[in-house]
Amino acid sequence: MGLRDTVELGWNGEKRDLILTTAIMVKVEQKAVSPLTVLNQISQGEMPIASIASILSVLFNEAGLSVSTDEIFDEIFEDEAAVMPMAMNILGKFMPKPKKKVSTGRKGRTKK
């Protein structure tokens, strides 16, 4: 998972770094919706823009940037090309990272 990753958030020329922690993920799930639910919807061809705006609003406010869900929702519609790549990058940080297999040096055997 990308927890403990730092993401840079910016709004109206102000930028802040936010370290994604378990506590922040809990706040996002309590105040908005689970990022994993949104990613699942996206993988099924849906684009839950209101949910994405809600998640981003919680994260921006946690970083000290006062931004409402409505402001982000409006920005997505005004400039989707600028907002959505950043949103997808942030949502991706909430996904579990695949475990790396470690080679034992023996042909055909790996450790997990």
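Keep in mind that what you see is a predicted model, and the values were worked out from it rather than measured.

Participant: Please explain the pattern of salt bridges as it appears in this structure.
Facilitator: Close approach of charged atoms lets side chains of opposite charge pair. The tally for this structure, following the rule as stated, stands at four salt bridges. One salt bridge connects Lys27 with Glu62, and the closest N-O pair in it is separated by 3.4 Å. Within this pair, whereas Lys27 is found in helix α1 (residues 22-31), its partner Glu62 is found in helix α3 (residues 49-62), the two being separated by 35 residues in sequence. On the accessibility criterion, Glu62 (27% relative accessible area) is partly exposed.

Participant: What is the right way to look at the packing of α3 against helix α5 (residues 80-92) in this model?
Facilitator: Relative orientation and spacing of two packed helices are given, respectively, by the angle between their axes and the distance between those axes. At a minimum axis separation of 11 Å, α3 and α5 run at an interaxial angle of 75°. Judged by the angle between their axes, α3 and α5 are roughly perpendicular. Touching Ile52, Ile55, Leu56, Leu59 and Phe60 of α3 are Val83, Met84, Met86, Ala87, Ile90 and Leu91, all from α5. Here the contact of α3 with α5 is built from residues that sort into eleven nonpolar, no polar and no charged.

Participant: Help me out: how do you make sense of unusual backbone geometry in this one?
Facilitator: Phi is mostly negative for residues that are not glycine, and the peptide bonds are mostly trans. The backbone phi angle of Asn12 is positive, close to 50°, even though this residue is not glycine. With respect to the helices, strands and loops of the structure, Asn12 is situated in the loop between β1 (6-11) and β2 (14-19). Judged by relative accessible area, which is 70%, Asn12 ranks as exposed.

Participant: Help me understand the layout of surface pockets in this model?
Facilitator: To locate leftover empty space, one rolls a probe as large as a water molecule over the atoms. Of the voids in this model, the largest pocket is the one considered here, and its volume is about 170 Å³. In this structure, the largest pocket is lined by Glu8, Leu9, Gly10, Trp11, Asn12, Phe60, Ile72, Glu75, Ala82, Val83 and Met86. For the lining of the largest pocket, the elements supplying multiple residues, two or more each, are β1, α4 (69-78) and α5. For the lining of the largest pocket, the element with the most residues is β1, which contributes four residues. Here the residues of the lining of the largest pocket sort into seven nonpolar, two polar and two charged.

Participant: I tried to follow α3 on my own but got confused; where do I start?
Facilitator: Because each turn of an α-helix spans 3.6 residues, side chains separated by three or four positions in sequence point in the same direction. Along its 14 residues, α3 runs 20 Å from first to last C-alpha, staying within 8% of the 20 Å computed at 1.5 Å per residue. Those residues of α3 lying buried are Ile49, Ile52, Ala53, Ser54, Ile55, Leu56, Ser57, Val58, Leu59 and Phe60. In this structure, the buried residues of α3 make contact with β1, β2, α1, α2 (35-43), α4 and α5. Residue Gly64 follows α3 closely and has a positive phi angle near 95°.

Criteria and thresholds
Residues numbered from 1 in each chain as written. Predicted model: local features only at pLDDT ≥ 70, side-chain atom pairs only at ≥ 80, totals over all residues. Heavy atoms only, no water. Salt bridge = Lys/Arg side-chain N within 4 Å of Asp/Glu carboxyl O. Helix = DSSP H or I, 4+ residues; strand = E, 2+ residues; numbered from the N terminus. Buried < 20%, exposed > 50% of the residue type's maximum accessible area, 1.4 Å probe, protein only. Axes fitted to C-alpha atoms, helices over the stretch in contact; angles between N-to-C directions. Parallel < 35°, antiparallel > 145°, perpendicular 65-115°, else oblique. Contact = heavy atoms within 4.5 Å. Nonpolar A, V, L, I, M, F, W, Y, C, P; charged D, E, K, R; others polar. 1 Å grid on protein atoms, 1.4 Å probe; cavity = no way out; pocket = protein on both sides within 12 Å on 5 of 7 lines; lining within 4 Å. Points joined across faces, edges and corners; volume = space filled by probe spheres on them. Expected span 1.5 Å × (residues − 1).

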